Amino acid sequence: MHAIGIDIGGTKIAGAVVDELGVIVREERVPTDASSPALIEDAVVGMVQRLQQGPEQIVGVGVAAAGFIDAAQSTVYYAPNINWRHEPFREKLERRLDIPVLIENDANAAGWAEFRFGAGRLVSDMVILTIGTGVGGAIVSNDRLFRGGFGAGAEIGHMRVVPGGLPCGCGAHGCIEQYGSGRALQRMANEFADAGGIGQALADVRARNGGVLSGSDISALIMAGDPGALAALRQLGDWLGQACASLGAILDPQVFVFGGGVAQAGELLLEPIRLAYLENLPARGFHPEPEFTIAELVNDAGVVGAADLARLHAASL
Ligand SMILES: [Zn+2]
């Protein structure tokens, strides 16, 4: 049994026919035209209809998008990139496509793919943190995606780690996104560059590039073993480890998975996370410790996760 997964991103809409092992059979992508919700709807309908023209039996369609989706996986309350406000997107698509549809938050869909087919496939409880420009994530508890009562749960990036801390794009202060993201790593690397000493190489690269330290400059220095860049990464890992200690006290997952661009640092990132986790864990030493690992699915996780959720949903009807 196959399902179609669609991932509506800020720049492109990706869609694929996916089998029950999470393997993509056929895929396509089109640029996102977010100037009106009707154009998005037409683009998704057209893509599904094209993907349906194959020998596979398609049992459902899962659509992943950024934003708050209701707990029934039907209505988009709010999307940051598209002018959706209480948009009954599932109902509209089902009416036009005549096939079961569900809508899922994009981070949840990608996290679900990692749980089913990646680093979480052997456990029942997993937390994934995606360290990109911001901090995203998803929670799987007792083999189920955790959505919360209103569908807006698992916004891990906006867990407060510093009361009265740095202002966040969400309107609150002190969110982990301000201390554990790619953007936070840039801020920390700049601080080391300003301080001189072990930050000298960071300062030199910054001076050569017109006063800007890009994410790829910092990654290159990390991979070259530069002490300043590594110290910035350790600081980032320390914050993430503290956040994981709080998450662990509540959720008790068997595995914490890290995805996103910054996670390409691998063990260099995981080591300070583990250390900070253990230092900050309540009642340390009295229960088993979780594993900390890097995400295995890099591309198309949103599409694969959305398709799998749609297939499971169709099977439950
Ligand atoms: Zn926030």
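Each value, and the rule that gives it
- Residues numbered from 1 in each chain as written.
- Predicted model: local features only at pLDDT ≥ 70, side-chain atom pairs only at ≥ 80, totals over all residues.
- Domains from an automatic or database assignment.
- Contact = placed C-beta atoms within 7 Å.
- Helix = DSSP H or I, 4+ residues; strand = E, 2+ residues; numbered from the N terminus.
- Nonpolar A, V, L, I, M, F, W, Y, C, P; charged D, E, K, R; others polar.
- Pairing = 2+ DSSP bridges.
- Buried ≥ 20, exposed ≤ 12 C-beta atoms within 10 Å, placed from the backbone.
- Axes fitted to C-alpha atoms, helices over the stretch in contact; angles between N-to-C directions.
- Parallel < 35°, antiparallel > 145°, perpendicular 65-115°, else oblique.
- Left-handed = near helix turned anticlockwise from the far one by under 90°.

(A) View of the domain arrangement of the chain. According to the domain assignment, the chain consists of domain 1 (2-112 + 300-316) and domain 2 (122-296). Look at where the C-alpha atoms of domain 1 and domain 2 centre, and you get two points 29 Å apart. Contacts between domain 1 and domain 2 engage eight residues on the former and 13 residues on the latter. No other element matches helix 3 (residues 106-117), which puts four residues into the side of domain 1 that touches domain 2. Of the residues that constitute the side of domain 1 that touches domain 2, the class distribution is five nonpolar, two polar and one charged.

(B) How the structure looks around the sheet that holds strand 5 (residues 68-69). With antiparallel pairing, the three strands of this open sheet are ordered in space as 5-6-7. The two strands at the open ends of the sheet, each matched to only one other strand, are strand 5 and strand 7 (85-87). Of the strand pairs in this sheet, strand 6 (residues 76-78) and strand 7 are connected by two bridges, and their pairing is antiparallel. Counterpart to Tyr78 in the pairing with strand 7 is Arg85.

(C) Representation of the pairing of strand 8 (residues 101-105) in the model. Among the five residues that make up strand 8, five are buried, leaving the element largely enclosed by the rest of the structure. Because side chains alternate across strand 8, one face comprises the buried residues Val101, Ile103 and Asn105, and the other comprises Leu102 and Glu104, equally buried.

(D) Structural view of the packing of helix 8 (residues 227-251) against helix 9 (residues 267-280). Between helix 8 and helix 9, the shortest axis-to-axis distance is 6 Å and the interhelical angle comes to 45°. Taken together, helix 8 and helix 9 sit at an angle that is classed as oblique. In this structure, helix 8 meets helix 9 at a crossing whose hand is right-handed. Only Leu268, Leu269, Pro272, Ile273, Arg274, Leu275, Ala276, Tyr277 and Asn280 of helix 9 make contact with helix 8, whose side of the interface consists of Leu230, Leu233, Arg234, Gly237, Asp238, Leu240, Gly241, Gln242, Cys244, Ala245 and Gly248. The residue makeup of the contact of helix 8 with helix 9, split by class, is twelve nonpolar, five polar and three charged.

(E) Spatial organisation of the environment of Leu221. Among the secondary structure elements, Leu221 is positioned in helix 7 (residues 215-223). The class for Leu221 is buried, based on 22 C-beta atoms found within 10 Å. Considering only alpha carbons, one finds Leu221 and Val23, 198 residues apart in sequence, at a separation of 35 Å. With residues up to four places along the chain from it excluded, the contact list for Leu221 reads Ala201, Leu202, Val205, Asp226 and Ala229.

(F) Molecular detail of the sheet that holds strand 13 (residues 291-294). If you walk across this open sheet you meet the five strands as 11-10-9-12-13, and the pairing is mixed. This sheet does not close on itself; its edge strands, each paired only once, are strand 11 (144-145) and strand 13. Here helix 3 sits on the sheet and contacts strand 9 (126-131), strand 10 (135-141), strand 11 and strand 12 (255-259); the angle it forms with strand 10, its principal contact strand, is near 55°. Along the sheet, helix 8 makes contact with strand 9, strand 10 and strand 12, crossing strand 9 at roughly 155°.

(G) Representation of the environment of Ala64 within the structure. Its place among the elements puts Ala64 in strand 4 (residues 58-65). Remark: the alpha-carbon pair of Ala64 and Leu221, spanning 157 residues in sequence, is separated by 35 Å. Those residues in contact with Ala64 that lie beyond four places of it in its chain are Ile6, Asp7, Ile8, Glu104, Asp106, Ala109, Gly302, Gly305 and Ala306.

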